[in-house]
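# A look at the structure
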Amino acid sequence: MTVLVTGATGHTGRHVVAGLQAAGVRPRVLVRDRAKAPDGVDVVQGDITDTAEAAGGVDAVYLLWPFVTSDGIEKALKPFEGKKIVYLSAMSAEHGGVWGDVEAAVRKVTGDWTFLRVTGLATNALAWAEKARTGVVRAPYGQAKRSVVHERDVADVAVKALTGDHKGQSYLVTGPEPVAQAEQARLIGDALGRPVTWEEQPPEEAKAQMSAYLGAEFAAAAVDYWASLVEAPEPVSPDVARVTGHPARPFAEWAREHFS
Ligand SMILES: NC(=O)c1ccc[n+]([C@@H]2O[C@H](COP(=O)([O-])OP(=O)(O)OC[C@H]3O[C@@H](n4cnc5c(N)ncnc54)[C@H](OP(=O)(O)O)[C@@H]3O)[C@@H](O)[C@H]2O)c1
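To start, this report covers the structure provided alongside it. (Residues numbered from 1 in each chain as written. Predicted model: local features only at pLDDT ≥ 70, side-chain atom pairs only at ≥ 80, totals over all residues. Heavy atoms only, no water.)

### Considerations on the packing of aromatic side chains
If you walk through the whole model with that rule in mind, you get 7 aromatic pairs. Here the aromatic rings of Trp65 and Phe67 are separated by 4.8 Å at their centres, their planes lie at 80°, and the arrangement is edge-to-face. Given the relative accessible area of 6%, Trp65 is considered buried. Judged by relative accessible area, Phe67 falls into the partly exposed class, the value being 35%. Geometrically, the ring pair formed by Trp128 and Trp198 is edge-to-face, given 5.3 Å between the ring centres and 80° between the ring planes. Taken together, the positions of Trp128 in the loop between strand S6 (113-118) and helix H5 (129-134) and Trp198 in strand S11 (residues 197-200) put the pair 70 residues apart, joining distant regions of the chain. Like Trp198, Trp128 is buried. Here the aromatic cluster, defined as three or more aromatic residues joined through ring pairs, consists of Tyr87, Trp113 and Phe115. Across from the ring centre of Trp113, 4.5 Å away, lies the NZ or CZ of Arg107, which sits over that ring. (Phe/Tyr/Trp six-rings, centres within 6.5 Å; stacked < 30°, edge-to-face > 60°. Buried < 20%, exposed > 50% of the residue type's maximum accessible area, 1.4 Å probe, protein only. Helix = DSSP H or I, 4+ residues; strand = E, 2+ residues; numbered from the N terminus. Lys NZ or Arg CZ within 6 Å of the ring centre and 35° of its normal.)

Okay, structure coming up:
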């Protein structure tokens, strides 16, 4: 079985690679920089927008689309026609956006798809790392309650989907409980062994900052979404436990792994 892992140097992809290896599958990876490829894999150097070489002879692909628009997705997916595609998507895909557009494009090229719709990745909190070390995280909506998921749990679900029959399944991939963003910062402080407090940042200031790397539309949608989570926390799904056989890892465990 030949399984291609895209994003293999990233947070979820590196664990997908390790999980496949543990399951006895030698993965192929598509990486932009050969020097960054993990050990024990077959390497194709290239960009996700040009997948022809990487897709040759593969049975299945772990797909992430690292852009905020779906421009170019049709060309990138064409070489995977009829193959199994396990796509790292988002809960918001049901409302369209980039994840909804990529899901629609995947459905057009294959019937053998599995969508891992995550609420949010715990790794988003790495953006606070520098501030956390100074003792204060300044960001908007500390009371937004997010059921963020450990990247290892995403990878565990992905490996099951890549190696088993999960055709046509959209899994909601979440952490085990909603945790307010300010509480996430506090738990990072516990892991660091010193207090970390939360300082509310005006939403418009955050949007302006985030626009620089996400674009104005995407940044505004993200911040407005966090606002909605103050009253209505993100859902918690049983899918990680159902698919992997183990419970989703709590945020406190994620924080200890990344900040102790
Ligand atoms: N953050 C969230 O809460 C959230 C929620 C829902 C869905 N997602 C999805 O999760 C994805 C991120 O997954 P992740 O955390 O596992 O990855 P990540 O740690 O953000 O790393 C991105 C990966 O994509 C690779 N990459 C970037 N641009 C590329 C290109 N042009 N061609 C080939 N590879 C490229 C990077 O490789 P290099 O080493 O070459 O940079 C890296 O391996 C996002 O793109 C998003 O679609 C995220």
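More follows now that the structure is in view.
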